[in-house]
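# Survey of secondary and tertiary structure
Now for the letters of each chain:
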Amino acid sequence: MFEGRSVFVVVPAYNEEKLIGTVVATMPGIVDRIIIVDDASTDGTAAVLESMSSTGDPRLRVVRHPKNGGVGAAIVTGYKAALQEARDNALVVVMAGDAQMDPDDLPRLLAPLAIDDADYTKGNRLRSGEAWKIIPRHRYLGNAALSFATKIASGYWHVADSQSGYTAITRDALAVLQLDRLYPRYGFPNHLLVELNNYDFRVRDVPIRPVYNVGEVSGIRLSRVIPTLSWLLFKCYFWRMKEKYVIRDFHPLVFFLALGLVLTVGGLLLGAWILYYRLTAGSLSPNTVIFDAFCLIMGMQMLFFAMWMDMEHNKGLK
């Protein structure tokens, strides 16, 4: 219990036979239930979990996927299990199965939820100078790029470290979300932020300690992850614009966004044609170039103004 509220921890695990025992052994006493979702591990994770279930922590519940669905799918399974057991005022946390999340940070994640100052809290490993020294440089830079794209897609401009999976949410907020439409793999935390903003939930960034080199093995390949998540976030942005500013409550930023896109895309296409014509046929009227520059400038201004209106609309969600 934490401040009179029960605490459920969801642990997605895939091939974590070496570290899953450490995760359970170091789970704080304030945790009432530990739900581990074995995402069809191919190593000895299932055997370790079976042993712990029979002789270990009585708070432990193990759910096993028949086939691998991805970390997002494992978290959704854990969320659904928590919704079945938890009371209305419960708090649901996600901690990875690779021991990269410091249990001592848990109370800081729970505190804003317990006093109703937020609906969802998210660990931020980048707040302190430690992250630059501890996190591998390529991972840090990739995370920074995806965090910026997630700010635009989700509307939560105050939230950084989008790839951090150390999170906590109230049961009431969790019950509202459409969990089955969330991305099932590594982009899950990014997509979840978009979903949270769609319902105007308050999200709080909480500084946490970055933990690396504890024996974990990362299967993340940035060369594949960044293009995939960039496309996901691109789609999520326009989905959120449609859901939040057209279907739920019409907002004038839609006009600026639509006209800005038309002018910007049209200006880019016209610019490409101008360049092609200049190289193949010779000079053309200066008025054409001026018109193209006008389209691009006006289009970019309208896009930035739509972004500013979105930021202003979401100021209260922190």
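Our subject is the structure listed above.
A brief report on the enclosed structure follows. Counting restarts for each chain, with residues numbered from 1 along the sequence as it is written. Thresholds applied to this predicted model are a pLDDT of at least 70 for local features of residues and 80 or more for the giving and counting of side-chain atom pairs; totals over whole chains, interfaces and linings are not thresholded and use all residues. Side-chain metrics rest on all non-hydrogen atoms present in the structure, leaving aside hydrogens and water.

## Things to note about the overall build of the chain
To be explicit about the condition: Strands here mean DSSP runs of E at least two residues long; helices mean DSSP runs of H or I at least four residues long; both are numbered from the N terminus. Only protein chains enter the area calculation, which uses a 1.4 Å probe; residues under 20% of their type maximum are buried, those over 50% are exposed, and those in between are partly exposed. In what follows, a contact means two residues having at least one pair of non-hydrogen atoms within 4.5 Å. Only the protein chains shown count as covering a residue, and every accessible area follows the Shrake-Rupley method with a 1.4 Å probe. By the counting scheme adopted, Arg and Lys are positive, Glu and Asp are negative, and His together with the chain ends is not counted. Positions of charges follow a simple convention, taking NZ of Lys, CZ of Arg, CG of Asp or CD of Glu.
What the chain contains, in helices and strands, is 11 helices and seven strands. Each principal axis of the C-alpha atoms in the chain carries an extent, and together these give about 80 × 40 × 40 Å. Taken across its 318 residues, the chain has 49% of its residues classed as buried. Partitioning the intrachain contacts of the chain with sequence separation of at least 6 by distance along the chain shows that 79% fall at a separation of at least 24. Total accessible area on the chain stands at roughly 15,200 Å², and carbon and sulfur atoms take up 61% of it. Each charge sign in the chain was given a centre, from 33 positive and 31 negative side chains, and these centres are 5 Å apart.

## A short note on the pairing of strand 3 (residues 60-64)
The criterion, for reference: Pairing between two strands is assigned when DSSP locates at least 2 bridges connecting them. Seen with its strands pointing away from the viewer, a crossover is right-handed if its path from the first strand over the helix to the second goes clockwise.
Relative to strand 3, strand 2 (residues 33-38) runs parallel, the two sharing five bridges. Residue pairing for strand 3: Ile36 is matched across the bridge by Val62. Taken together, strand 2, helix 2 (residues 45-55) and strand 3 form a β-α-β motif whose crossover is right-handed.

## Focus: the pattern of salt bridges
Note the cut-off: Salt bridge, as used here: a side-chain nitrogen of Lys or Arg that lies within 4 Å of a carboxyl oxygen of Asp or Glu.
The final tally for this structure, using the stated rule, is 17 salt bridges. Residues Arg181 and Glu195 are paired through a salt bridge, measuring 3.0 Å at the closest nitrogen-oxygen approach. Linking Arg181 in the loop between helix 7 (171-176) and helix 8 (188-198) with Glu195 in helix 8, this pair joins segments that are 14 residues apart in sequence. For Arg181, a relative accessible area of 37% corresponds to the partly exposed category. On the accessibility criterion, Glu195 (1% relative accessible area) is buried. The network of salt bridges with common partners includes Arg33, Arg61 and Glu85.

## Some remarks on helix 2
Threshold: Directions pointing from the helix axis toward each C-beta atom define the arc.
By the burial criterion, the buried members of helix 2 are Thr45, Leu49 and Met52. For helix 2, the arc enclosing every buried residue in end-on projection is 65 degrees, short of the 170-degree limit, so these residues lie on one face. Opposite the buried face of helix 2, at more than 90 degrees from it, the exposed residues are Glu50, Ser54 and Thr55. Contacts from the buried residues of helix 2 go to helix 1 (20-25), strand 2 and strand 3.

## So, the environment of Leu179
Within the secondary structure, Leu179 sits in the loop between helix 7 and helix 8. Separated by 100 residues in sequence, Leu179 and Tyr79 place their C-alpha atoms 8.5 Å apart. Sequence-distant contacts of Leu179, that is, excluding residues within four places in its chain, are made with Val76, Tyr79, Lys80, Leu83 and Leu174.

## So, the sheet that holds strand 3
Note: strands within a sheet are paired through backbone hydrogen bonds, in either parallel or antiparallel orientation. Just so we agree on the cut-off: Interaxial angle, 0 to 180 degrees, is taken between N-to-C directions of lines fitted to C-alpha atoms, where a helix line uses only the stretch in contact.
The strand order 3-2-1-4-6-5-7 describes an open sheet built from seven strands, whose pairing is mixed. Each end of this open sheet is capped by a strand with a single partner; those strands are strand 3 and strand 7 (203-207). Across the sheet, the mean angle from the axis of one strand to that of its neighbour is 20 degrees, orientation sign disregarded. Direction of pairing for strand 4 (residues 91-94) relative to strand 6 (residues 167-170): antiparallel, over a ladder of four bridges. Its bridge partner being in strand 6, Val92 is matched across the sheet by Ile169. Its contacts with the sheet put helix 2 on strand 2 and strand 3, and the angle it makes with strand 3 is roughly 150 degrees. Against the sheet, helix 3 (residues 71-85) contacts strand 1 (7-13), strand 2, strand 3, strand 4 and strand 6, and its axis sits at roughly 155 degrees relative to strand 1.

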